[in-house]
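# Structure assessment
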Amino acid sequence: MKIQVTKTIVLKEHINLNELQVHVTNSKDIDSDNLEVEYKGIRIGEGHLNNKTNFAHVSISEGIMEEVDECDLIDYLVDGIESRSIRLN
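These numbers come from a predicted model, not from an experiment.

## Considering the layout of surface pockets
- When its volume is computed, the largest pocket comes out at roughly 160 Å³.
- Leu-17, Asn-18, Leu-20, Gln-21, Val-22, Tyr-76, Leu-77, Ser-85, Ile-86, Arg-87 and Asn-89 together form the lining of the largest pocket.
- Elements that contribute at least two residues to the lining of the largest pocket include exactly β1 (20-27) and α1 (70-83).
- Tallying contributions element by element places β1 first for the lining of the largest pocket, with three residues.

This is the structure in structure tokens:
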């Protein structure tokens, strides 16, 4: 009889905000721009910014950033984009 042991390891990493970048990819329509979110050069999400209403929407790709709370990251990105504290490249 063989006995198999499975171990689950949880790694937590603090996000280095200097490695987080938001790029404007193209125009969605006359008032909106499409956005791409990258962390350490890897695309982790997308969204759009309505320049007329200053409303931003961001979604994070599922399973990419498992070690962070996606809701907190989305809130940080949306607030930063809308307040212009995050520079759009």
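## Let's talk about a nonpolar patch on the surface
- On the surface, Met-1, Ile-3 and Val-5 cluster together into a nonpolar patch covering about 470 Å² of accessible area.
- Mapped onto the elements of the fold, Val-5 is located in the segment before β1.

## Looking at unusual backbone geometry
- Notably, Lys-40 is not glycine yet its phi reads approximately 55°, a positive angle.
- The residue Lys-40 is located in the loop between β2 (32-39) and β3 (42-50) in this model.
- A relative accessible area of 46% places Lys-40 in the partly exposed class.
- Its identity as a non-glycine residue notwithstanding, Arg-84 has a phi of 65°, on the positive side.
- Looking at where Arg-84 falls in the secondary structure, it is placed in the segment after α1.
- A residue is classified by how much of its surface remains accessible, and Arg-84, at 45% relative accessible area, is partly exposed.

Cut-offs applied
- Residues numbered from 1 in each chain as written.
- Predicted model: local features only at pLDDT ≥ 70, side-chain atom pairs only at ≥ 80, totals over all residues.
- Heavy atoms only, no water.
- 1 Å grid on protein atoms, 1.4 Å probe; cavity = no way out; pocket = protein on both sides within 12 Å on 5 of 7 lines; lining within 4 Å.
- Points joined across faces, edges and corners; volume = space filled by probe spheres on them.
- Helix = DSSP H or I, 4+ residues; strand = E, 2+ residues; numbered from the N terminus.
- Patch = residues over 30% accessible without salt bridge, like charges linked within 9 Å, V, L, I, M, F, W, Y side chains within 5 Å.
- Areas by Shrake-Rupley, 256 points an atom, 1.4 Å probe, with all protein chains shown as cover.
- Salt bridge = Lys/Arg side-chain N within 4 Å of Asp/Glu carboxyl O.
- Buried < 20%, exposed > 50% of the residue type's maximum accessible area, 1.4 Å probe, protein only.

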